Amino acid sequence: MSRERFETFKKALRQRQPDMTVLTDKVHKAQNISAILRTAEAAGIGHIHMVRPERGHLVYHNTAGGIGRFTSQTVHDTIEDGCSALRQQGFTLYAAHWSDRAIDYREADFTRPFALIMGAEKRGLSDYAAREADAHLTIPNMGLVESYNVSVAAAIILQTAMQQRTAAGLYERPVEEDDNYWTTLFEWMHPKMVKYCRKHNLPYPDMDEDGDIIPPQDERYRRPFD
């Protein structure tokens, strides 16, 4: 791996926003989940939350070089579980939802820790999520359609969140290069070795200054380097 690519990965990791996330409320279409993941990663979100749909499996297209490995996911069985987990982490809950108490999404303060709740494709936001949300956000439109596609709406809102956070300098916050930082960086850069280590219950090898793996002397690692 080139040093330039290694530095690109390090910069992206330093700009991750641990106090910004998304919670999908039973969104089930693979293309929408994939698009939301791509948008979240582009905005610097390292982890999103998803509520399992009532029918079928929660799947997404593993596109763009395996975008799922750059933005990990927690799947909740219910919206109650998802909202509770985020509350415990101190997130303000913003829901993309029209109501009498809704505000223009541009009026929201996205510099505070927040989770953006996006409703399902046909049914929209669940009643529980609507009640639990601290604020409802709407996106103005000049046409005849009632709302944007869920992934498009998420992209519009997260782009504004990114602009607010950029202006506030939140992407320039110092990051401690601790064990979690280097573990995440290794997992981004060496997915095949990660899979091998997990399968054989082995610790990750060390990396050199260019991000390349330093071959360990332990014979248990022999096969990946053959």
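Residues numbered from 1 in each chain as written. Predicted model: local features only at pLDDT ≥ 70, side-chain atom pairs only at ≥ 80, totals over all residues. Heavy atoms only, no water.

(A) Just the overall build of the protein chain, in detail. A count of helices and strands for the protein chain gives eight helices and seven strands. Based on the C-alpha atoms only, the size of the protein chain along its principal axes is roughly 65 × 40 × 35 Å. For the protein chain, with 226 residues in total, the buried portion stands at 42%. Summarising the internal contacts of the protein chain: among those between residues at least 6 apart in sequence, 72% fall at separations of at least 24. (Helix = DSSP H or I, 4+ residues; strand = E, 2+ residues; numbered from the N terminus. Buried < 20%, exposed > 50% of the residue type's maximum accessible area, 1.4 Å probe, protein only. Contact = heavy atoms within 4.5 Å.)

(B) Region of interest: the pattern of salt bridges. A full pass over the atoms with the stated rule returns 13 salt bridges. For Arg52, the salt bridge identified is with Asp77, shortest N-O distance 3.3 Å. Placement of the pair is Arg52 in the loop between strand 2 (47-51) and strand 3 (72-76) and Asp77 in the loop between strand 3 and helix 3 (79-88), with a sequence separation of 25 residues. Take Arg52: its relative accessible area is 37%, and that puts it in the partly exposed class. (Salt bridge = Lys/Arg side-chain N within 4 Å of Asp/Glu carboxyl O.)

(C) Here's a closer look at the sheet that holds strand 3. With respect to topology, seven strands assemble into an open sheet ordered 3-2-1-6-4-7-5, the strand pairing being parallel. In this open sheet, the two edge strands, each paired with only one partner strand, are strand 3 and strand 5 (103-104). Bridging between strand 5 and strand 7 (residues 135-138) involves two bridges; their strand directions are parallel. Note on strand 7: the bridge partner recorded for Ile103 is Leu137. Strand contacts of helix 5 (residues 150-167): strand 1 (20-25), strand 4 (92-96), strand 6 (114-119) and strand 7, with the helix running at about 165° to strand 6, the strand carrying the most contacts. (Pairing = 2+ DSSP bridges. Axes fitted to C-alpha atoms, helices over the stretch in contact; angles between N-to-C directions.)

(D) Local environment of the nonpolar core. Membership of the largest hydrophobic core comes to 46 residues, with the highest contact counts inside it found for Tyr94, Phe110, Phe114, Leu116 and Leu137. In terms of residues, this core owes the most to one element, helix 5, which gives six residues. Counting residues in each nonpolar core, the second largest holds 14 residues, with Val51, Phe91, Leu93 and Ile117 among its members. (Core = buried A, V, L, I, M, F, W, Y, C linked by side-chain atoms within 4.5 Å.)

(E) Fine view of the environment of Ala43. Within the secondary structure, Ala43 is located in the loop between helix 2 (30-42) and strand 2. Its relative accessible area of 4% is what places Ala43 among the buried residues. C-alpha of Ala43 to C-alpha of Met162: the two residues are 119 residues apart in sequence and 5.9 Å apart in space. If near-sequence neighbours (up to four positions away) are discounted, Ala43 is found in contact with Gln17, Met20, Leu158, Met162 and Tyr171.

(F) Looking closely at the packing of helix 6 (residues 179-189) against helix 7 (residues 191-199). Helix 7 packs onto helix 6 with a crossing angle of 110° between their chain directions and a minimal axis gap of 5 Å. The angle between helix 6 and helix 7 places the two elements in the roughly perpendicular class. Residues Phe186, Glu187, Trp188 and Met189 of helix 6 lie in contact with helix 7, whose contacting residues are Pro191, Met193, Val194 and Arg198. Considered class by class, the residues forming the contact of helix 6 with helix 7 number six nonpolar, no polar and two charged. (Parallel < 35°, antiparallel > 145°, perpendicular 65-115°, else oblique. Nonpolar A, V, L, I, M, F, W, Y, C, P; charged D, E, K, R; others polar.)

(G) Fine view of a negative patch on the surface. Negative charge collects at one region of the surface, where Glu176, Glu177, Asp178 and Asp179 lie side by side. Mapped onto the fold, Glu176 is located in the loop between helix 5 and helix 6. Glu176 sits in the exposed class, given a relative accessible area of 61%. (Patch = residues over 30% accessible without salt bridge, like charges linked within 9 Å, V, L, I, M, F, W, Y side chains within 5 Å. Areas by Shrake-Rupley, 256 points an atom, 1.4 Å probe, with all protein chains shown as cover. Lys, Arg positive; Asp, Glu negative; His and termini not counted. Charge placed at Lys NZ, Arg CZ, Asp CG, Glu CD.)

(H) Spotlight on the confidence of the model for the protein chain. For the protein chain, mean pLDDT is 90; residues scoring 70 or higher make up 92% of the total. Mean pLDDT values over the elements of the protein chain span from 68, in helix 8 (residues 222-225), up to 98, in strand 4. (pLDDT = per-residue confidence, 0-100.)

(I) Up close: the side chain of Arg165. For Arg165, the location among the structural elements is in helix 5. Taking relative accessible area as the criterion, Arg165 reaches 0% and is therefore assigned buried. In contact with Arg165, not counting residues within four places along its chain, are Gln17, Asp19, Met20, Phe110, Thr111, Arg112, Pro113, Phe114, Leu170, Tyr171 and Arg173.

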